[in-house]
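Structural features, examined
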2 protein chains.
Amino acid sequence: MSNGKITVRRVAELAGVSPATVSRVSRGSTHVDPVLRERVLRVIEEHGYKPSHFGRALAERRHGALGLVFPGLSGPYFAELIQGFEVQALETGDSVLVLASHSRDDTDATVIDLAGRVDGMAIHGGTVSDAALEKLCGMVRVVVMAGDTGPAHASVRVDNSSMRGLTRHLLVDHGYRRLAFVGNPDGSTDVTVRWEAFLAAHKTARRKPPKEPVRVGLQQSDGVIAAKQLLDGDEPPEAVVCANDETALGVMIGAMGRGLKVPDDIAITGFDDMPMASLVNPDLTTVRQPVRELATTTARLLADRSPDPAGAVLLPTEIVLRGSCGCRDGGGG
Amino acid sequence: MSNGKITVRRVAELAGVSPATVSRVSRGSTHVDPVLRERVLRVIEEHGYKPSHFGRALAERRHGALGLVFPGLSGPYFAELIQGFEVQALETGDSVLVLASHSRDDTDATVIDLAGRVDGMAIHGGTVSDAALEKLCGMVRVVVMAGDTGPAHASVRVDNSSMRGLTRHLLVDHGYRRLAFVGNPDGSTDVTVRWEAFLAAHKTARRKPPKEPVRVGLQQSDGVIAAKQLLDGDEPPEAVVCANDETALGVMIGAMGRGLKVPDDIAITGFDDMPMASLVNPDLTTVRQPVRELATTTARLLADRSPDPAGAVLLPTEIVLRGSCGCRDGGGG
DNA sequence: TTGTAGGCGTTATCAA
DNA sequence: TTGATAACGCCTACAA
């Protein structure tokens, strides 16, 4: 078997044409004599010629790769994010370079370095300092996902204001008194905005919000930890509003582990509408957000070759009322 | 601000030296006159010169990148895998290209293409056909993680045989009669081996195993689905052995949602020992596997420049007995 | 339509 | 130690 050392020149030689012609054929250029094309194609096939990314990248000054930077969290949200992004990138022939272990306090050097190896970068809200972001923008096209555009070229995010309606629902429709919020507003832009919407709903309803959110991460285990803090305290809340479904599930597990009934003893809501939300008992009241679209839109913006990408895209969300807020009294294991 | 168009030649010019010297300095080569080095460094600093990955890659014939291929699953396991891999890769200055949306029935073309953009690839067991794997091996160094070496250059996996001891524990120490297995042996090498170990333990104990596993995926929602199938049937099992912690949690949620008590009414075990395992009530009996080490070892093997990497690395695992199998009767919410 | 020649930015080789 | 010079593999004017 021929090893990968076969080059344009060699193919040209074997096919009795010039390297230029091979290049044209290999990239499906028009304007090539069918006979020659056929001859070249056969040699390519026969010897398994693959244009070198090295040479191509250098000549075209294009990496054919997109970067994806986010805080290394587990869970359905990020899995969906990666996959959506990747599928879209593949669509345009781009590869995906990920930086999943990046937290804001890391040195920015890593992400700057990444910028030198890609044609565009997607930065998840809250993972990179504004200073670094600005530097990045001077190097490649940058799209912020789930965050403010800031110095970036564009941004794509979901409409977190649904959290306001959801909170109002709890406050007004159900008449719950003491609400708690689980999630760290400093952790990500999404949580910041959701916490603000939570506060705003209280204000509109002329009700006093909790002084502080329960500052934990976004994983299921964080929800369990929050439940411990919330339910073992003096005044447990009547309803717990969680920054995402995972923590909501965690809180629910914690509550049930204490023998509490949801929603009778305590109401719980999430955000995302991931698969588990409709599978638990009671099923989870939440806000549905189009995670996949968030990812694909971002990738599309990045791959777009037009001079300037759209400014800020806002994706719609939808409140999904189910059992865990008390809207149905079926189930309640 | 100077745009990124500054090259070696330009720096050389500005510093009054040759491009070769700039190259030597930029790469920290020894044998450079301190005076010149200083002069060059200042110019580099001043103009923000960054060696182009294009040029460097072509000249060194080295991408400076590693590929990571796995089935796009969510959950702590894969999150840990990515991060561990990435951290180790960063250690050697490599970037990480991921292919997370690859399922076995995809065209192999995608993964073959990836091979042309990296110096080495980590393939998660059960994601690529043997034919494709063989082809890949002719292009780059390939290490299989959590799977058989096969045609690959090396493999790293964990010792799944602990599943045998765990099953024996359920069968003999606890004396459970009917056990069920949740997980699809065809889905991944790990599950294949765990199912086989489950069967082997039955054989050794001279007990009849279930005819079939409950063939579901590895996510929490799959566990809920399995619970439905298992618990709503005629003869619910006395103990459910799950292929991983996530599905175990799902089964537990399903069981509790039906008002069943764990482990009194039904025992449940997992595999992984992820954070949630010790947080639920009752806490989860499981097998601890070193996921991070799995990832870092793989990355290290890939980055290793020595002629041939080690053959097959086997990482140890450890049975962790907790409440969900019936070993402690505290808790049991 | 095809071929020739030069350039993309860096590193490697070999004299000096 | 330093500096010309030649790859590295491909693409793309430009000329034929």
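All figures in this text were calculated on a predicted structure; none of them were measured in a lab. (Residues numbered from 1 in each chain as written. Chains lettered and ligands numbered in written order. Predicted model: local features only at pLDDT ≥ 70, side-chain atom pairs only at ≥ 80, totals over all residues. Heavy atoms only, no water.)

1. Some remarks on the overall build of chain A
Along its length, chain A carries twelve helices and eleven strands. Taken over the C-alpha trace, chain A has a radius of gyration of 26 Å; the compact-globule value for 333 residues is 20 Å, which it surpasses by more than 25%. Viewed in the frame of its principal axes, chain A has a C-alpha envelope of about 85 × 40 × 30 Å. Considering only intrachain contacts with a sequence separation of at least 6, the fraction spanning at least 24 residues in chain A is 68%. Roughly 14,600 Å² of accessible area belongs to chain A as shown, and the carbon and sulfur atoms make up 49% of that amount. Here chain A contributes 37 positively and 41 negatively charged side chains, and the mean placements of these two sets differ by 4 Å. (Helix = DSSP H or I, 4+ residues; strand = E, 2+ residues; numbered from the N terminus. Rg over C-alpha atoms; globule rule 2.2 N^0.38 Å. Contact = heavy atoms within 4.5 Å. Areas by Shrake-Rupley, 256 points an atom, 1.4 Å probe, with all protein chains shown as cover. Lys, Arg positive; Asp, Glu negative; His and termini not counted. Charge placed at Lys NZ, Arg CZ, Asp CG, Glu CD.)

2. Observations concerning the domain arrangement of chain A
All names here are of chain A. Here chain A is partitioned into domain 1 (8-59), domain 2 (65-158 + 292-316) and domain 3 (162-291 + 319-325). A straight line from the C-alpha centre of domain 2 to that of domain 3 covers 28 Å. Across the boundary between the two partners, domain 2 contributes 20 residues, which contact 14 residues of domain 3. Between domain 2 and domain 3 lies a buried interface of about 1,300 Å² when both sides are counted; carbon and sulfur atoms form 55% of it. Looking at the side of domain 2 facing domain 3, the largest losses of area belong to Pro-76, Tyr-77 and Val-158, adding up to 35% of the total buried there. The interface formed by domain 2 and domain 3 contains zero salt bridges. Here domain 2 and domain 3 share seven residue pairs in polar contact (both at pLDDT 80 or more) between them. Breaking the side of domain 2 that touches domain 3 down by element, the ones donating at least two residues are helix H5 (76-91) and helix H12 (291-303). Residues that form the side of domain 2 that touches domain 3 fall into these classes: ten nonpolar, five polar and five charged. (Domains from an automatic or database assignment. Buried area = accessible area lost by both parts, 1.4 Å probe. Salt bridge = Lys/Arg side-chain N within 4 Å of Asp/Glu carboxyl O. Polar contact = N/O pair within 3.5 Å; in protein donor to acceptor, adjacent residues only side chain to side chain. Nonpolar A, V, L, I, M, F, W, Y, C, P; charged D, E, K, R; others polar.)

3. Quick notes on the sheet that holds strand E6 (residues 179-182) of chain B
Residue and element names in this part refer to chain B. Ordered in space as E6-E7-E8, the three strands form an open sheet in which the pairing is parallel. Strands with a single pairing partner mark the edges of an open sheet, and in this sheet they are E6 and strand E8 (267-269). Pairs of neighbouring strands in the sheet enclose a mean axial angle of 20°, with direction left out of account. Sheet analysis places E6 next to strand E7 (residues 239-242), joined by four bridges and oriented parallel. Bridging across to E7, Phe-181 finds its partner in Val-241. Helix H9 (residues 189-204) contacts E6 and E7 of the sheet and is inclined by roughly 170° relative to E6. (Pairing = 2+ DSSP bridges. Axes fitted to C-alpha atoms, helices over the stretch in contact; angles between N-to-C directions.)

4. As for the UniProt feature "domain: HTH lacI-type" (unreviewed entry) in chain A
The UniProt entry lists residues 6-60 of chain A under the feature "domain: HTH lacI-type" (unreviewed entry), expressed in the numbering used here. Span residues 6-60 of chain A is 69% helix and 0% strand, its end C-alpha atoms 20 Å apart. (UniProt positions renumbered as here; feature names shortened; annotations may be inferred.)

5. Structural notes on the relation of the copies chain B and chain A
Turning one copy of the chain about an axis and sliding it along that axis gives the other copy, so a rotation and a shift relate them. Between the two copies, chain B and chain A, the superposition gives an RMSD of 0.1 Å; the rotation angle is 180° and the shift along the axis is 0.0 Å. Such values leave the two copies arranged in the relation of a two-fold axis. (Least-squares fit on C-alpha atoms with pLDDT ≥ 70 in both.)

6. Overview of the protein's contact with DNA strand C
Close to DNA strand C lie 27 residues, the nearest being Asp-33 of chain A together with Val-8, Ser-23, Tyr-49 and Arg-56 of chain B. Restricting attention to atoms of DNA strand C within 4 Å of the protein, one finds that 69% of them are sugar or phosphate atoms. Contact between DNA strand C and Ser-18 of chain A: a phosphate oxygen at 3.0 Å from a main-chain N or O atom of the residue. For the surface near DNA strand C, the elements supplying multiple residues, two or more each, are helix H2 (19-26) and helix H4 (53-60) of chain A together with helix H1 (8-15), helix H2 (19-26) and helix H4 (53-60) of chain B. (Near = heavy atom within 4 Å.)

7. Considering the pairing of strand E4 (residues 141-145) of chain A
All names here are of chain A. Burial runs high along E4: five of the five residues are buried. Side chains Arg-141, Val-143 and Met-145 of E4 all project onto a buried face; the interleaved residues Val-142 and Val-144 project onto the opposite face, where all are buried too. Direction of pairing for strand E3 (residues 120-124) relative to E4: parallel, over a ladder of five bridges. Within E4, the position partnered with His-124 by the bridge is Met-145. Since E3 and E4 lie parallel, the crossover through helix H7 (residues 130-137) that links them has a hand, and here it is right-handed. Examined bridge by bridge, E4 and strand E5 (residues 154-158) share three bridges and lie parallel to one another. Counterpart to Val-143 in the pairing with E5 is Ala-154. (Buried < 20%, exposed > 50% of the residue type's maximum accessible area, 1.4 Å probe, protein only. Right-handed = clockwise from strand over helix to strand, strands pointing away.)

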